[in-house]
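# Survey of secondary and tertiary structure
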Amino acid sequence: EWPLRPGTESDLDKPPFTIEPMSGNVLVGQQQEFKVTFSPLDCVTSEGWLDCRVSNLAEGRAQPQIMLRGVGLMPFCHFELEQSDYISGNRRKPDLKGPRGSPPGVSLDQATRVIEFVSCGINVLNTRSFNILNPTAETWKFAIINEDGEKSGTQVQCKTLSGLVSHGKKATITFEFTPASLDLVESFWRFTIPTLGLSVPLLVVGQTKEPRVVIDRSQINFKSLLLKKHAVERCHIINNEDTPFAVAFDEKCLTAHSSTAVLQVQPMQAVIPPRSSLPVDIIFEPYAEGLFNYNLIVDVKKKPSPLQLNVKKKKVPTATLR
């Protein structure tokens, strides 16, 4: 067991030190790793002791004891932004270029704050905002500078390039990501407070996934029909995402055999709600004998590639209605 003994009265209620695990068993010939965390609540120096209690320690051996000491410092600016392991967790691909077009393989500053986006589809405006806090006693002005260099594009935009923050107040920083393709996007920025000489690198990471909108069948094959008799087959367009998607059939694909048959789609366009499906009827009526083949294209807004549905019809028998 590791009971904690605070060294200062101010730490008695909420000790800034913790240890994990606090208790357990260590088997013969094994080792146990412990993690000590310091989380100061104020700008003070904190001390304490960890007095280890080993129940079966050999007689005459002193119980292990560790002294703890930590200093809480106040930053010039506090970012209310969740931690990301994009850099520390080695999720970043090593072949990507760095700030201002620096060559691949250059290590990024470990102090870089990462803002991550995940977009469902292309040409979608994604917005992320976070607050910065001025904990000092003075008002300061900040500026955010782009460091993409020559590859600077329009997919990532900062909507708060500068501002004035009074002491004890907050300001909101907003970034926008509008992907043009499914490719990974990195955009480098730098947060600065010139009067304090503070400079913090920022990295905006944009990832885009293709919307999971599919047709439940890839082909419809109409069997033999009498001339001037229509048949109906049904398919479903399924939206597996948490947002609605608009779909529309390309009318030009219905006219491949306009002189000898009629092909209709109902409905031609619609908006599919989240996590639902749209029933679509394919109606075919031949006026002449022959083989028929249609390749229908379904455009899905925000999806980079369209859906496709093949419709075929075998040869019509010679008999006709009279």
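Summary of the structure given here. (Residues numbered from 1 in each chain as written. Predicted model: local features only at pLDDT ≥ 70, side-chain atom pairs only at ≥ 80, totals over all residues. Heavy atoms only, no water.)

### Topic: the nonpolar core
Cut-off, in case you're wondering: Among buried residues, those of type Ala, Val, Leu, Ile, Met, Phe, Trp, Tyr and Cys that are joined through side-chain atoms within 4.5 Å constitute a nonpolar core. Residue burial is assigned from relative accessible area. The probe radius is 1.4 Å, only protein chains are included, and a residue is buried under 20% of its type maximum, exposed over 50%, and partly exposed in between. Helix and strand assignments follow DSSP, with helices taken as H or I runs no shorter than four residues and strands as E runs no shorter than two, numbered in order from the N terminus. Note on contacts: a residue pair qualifies if any of its non-hydrogen atoms lie within 4.5 Å across the two residues.
Core analysis: the largest hydrophobic core is formed by 31 residues, its most contacted members being Ile237, Ile282, Leu296 and Val311. If you tally residues by element for this core, the top one is strand S22 (residues 292–300), at 5 residues. Setting aside residues up to four positions removed in sequence, leucine 296 forms contacts with Phe249, Cys253, Leu254, Leu263, Val265, Ile282, Leu307, Gln308, Leu309 and Val311. With 24 residues, the next largest nonpolar core counts Trp140, Cys158, Val165 and Val200 among its residues.

### A look at the sheet that holds strand S13 (residues 185–193)
Keep this limit in mind: For two strands to pair, DSSP has to find at least two bridges joining them. Only the stretch in contact is used when a helix axis is fitted, and all axes are lines through C-alpha atoms; the angle between N-to-C directions ranges over 0 to 180 degrees.
The sheet built from 5 strands is open, its strands ordered S7-S14-S13-S9-S11 with mixed pairing. Single-partner strands in this sheet number two, and they are strand S7 (113–120) and strand S11 (162–165). Each strand of the sheet is rotated relative to its neighbour by a mean of 20 degrees, with strand direction disregarded. Here 9 bridges tie S13 to strand S14 (residues 198–209), and the two strands are oriented antiparallel to one another. The residue bridging arginine 190 from the neighbouring strand is proline 201, located in S14.

### Brief notes about the packing of aromatic side chains
Stated precisely, the cut-off is as follows: Whether two aromatic rings pair depends on their centres lying within 6.5 Å, for rings of Phe, Tyr and Trp, where Trp uses its six-membered ring; planes under 30 degrees apart make the pair stacked, over 60 edge-to-face, and the rest tilted.
Tallying each qualifying case throughout the model produces 10 aromatic pairs. When the centroid spacing of 5.6 Å and the interplanar angle of 20 degrees are considered together, the rings of phenylalanine 142 and phenylalanine 191 count as stacked. One end of the pair, phenylalanine 142, is in strand S9 (residues 140–146); the other, phenylalanine 191, is in strand S13, with 49 residues separating them in the sequence. By relative accessible area, phenylalanine 142 is classed as buried at 2%. Relative to tryptophan 189, the ring of phenylalanine 175 has its centre 5.5 Å away and its plane inclined at 75 degrees; by these criteria the two rings are edge-to-face. Within this pair, whereas phenylalanine 175 is found in strand S12 (residues 170–177), its partner tryptophan 189 is found in strand S13, the two being separated by 14 residues in sequence. Aromatic rings pair up to connect Phe79, Phe130, Phe142 and Phe191 into one cluster.

### Quick word on the environment of arginine 217
Here is the rule: Pairs of N or O atoms within 3.5 Å make up the polar contacts considered here, provided that, within protein, one atom can donate a hydrogen while the other can accept it, and that residues adjacent in sequence are counted only when both atoms are side-chain atoms.
By secondary structure assignment, the location of arginine 217 is in the loop between strand S15 (213–215) and strand S16 (219–222). Taking C-alpha positions, arginine 217 is 18 Å from leucine 254, a pair spaced 37 residues apart along the chain. Among residues more than four places away in sequence, those in contact with arginine 217 are Glu233, Arg234, Cys235 and Leu309. Of the polar contacts made by the side chain of arginine 217, one reaches the backbone oxygen of glutamine 219; its length is 3.5 Å.

### Description of unusual backbone geometry
In this structure, proline 21 follows glutamate 20 across a cis peptide bond, with omega equal to -10 degrees. Turning to its location among the elements, proline 21 is positioned in the loop between strand S2 (17–20) and strand S3 (35–38). Proline 267 follows glutamine 266 through a cis peptide bond whose omega is -5 degrees.

### Regarding the pattern of salt bridges
Close approach of charged atoms allows side chains of opposite charge to pair. So the rule is basically this: Any carboxyl oxygen of Asp or Glu within 4 Å of a side-chain nitrogen of Lys or Arg constitutes a salt bridge here.
For the coordinates displayed, the defined rule picks out 15 salt bridges. A salt bridge links glutamate 147 to arginine 190; the nearest nitrogen and oxygen atoms lie 2.8 Å apart. Of the two residues, glutamate 147 sits in the loop between S9 and strand S10 (156–158) while arginine 190 sits in strand S13, which places them 43 residues apart along the sequence. A residue is classified by how much of its surface remains accessible, and glutamate 147, at 8% relative accessible area, is buried. Here arginine 190 falls in the partly exposed class, since its relative accessible area comes to 24%. A salt bridge links glutamate 210 to lysine 303; the shortest N-O distance between them is 3.1 Å. Here glutamate 210 is found in the loop between S14 and S15, whereas its partner lysine 303 is found in the loop between S22 and strand S23 (307–313), with 93 residues between them in sequence. By relative accessible area, lysine 303 is classed as buried at 13%. Residues joined in a network through salt bridges with shared partners are Asp85, Arg91 and Glu116.

### What about the environment of leucine 57?
Mapped onto the elements of the fold, leucine 57 is located in the loop between strand S4 (45–51) and strand S5 (65–71). Between the C-alpha atom of leucine 57 and that of leucine 68, which follows or precedes it by 11 residues, the distance is 23 Å. For leucine 57, the contacting residues outside a window of four places in its chain are Ala62 and Gln63.

### A short note on the sheet that holds S10
One open sheet holds the 4 strands; their spatial order is S6-S8-S12-S10, and the pairing between them is antiparallel. At either margin of the open sheet sits one strand with a lone partner, and together these are strand S6 (78–80) and S10. Sheet twist, expressed as the average angle between the axes of neighbouring strands with direction ignored, equals 25 degrees.

### A few points about the pairing of strand S19 (residues 261–266)
Burial along S19 is one-sided: the face carrying Ala261, Leu263 and Val265 is buried and the face carrying Val262, Gln264 and Gln266 is not. Examined bridge by bridge, S19 and strand S21 (residues 276–286) share 6 bridges and lie antiparallel to one another. By the bridge assignment, valine 262 is partnered in S21 with glutamate 285.

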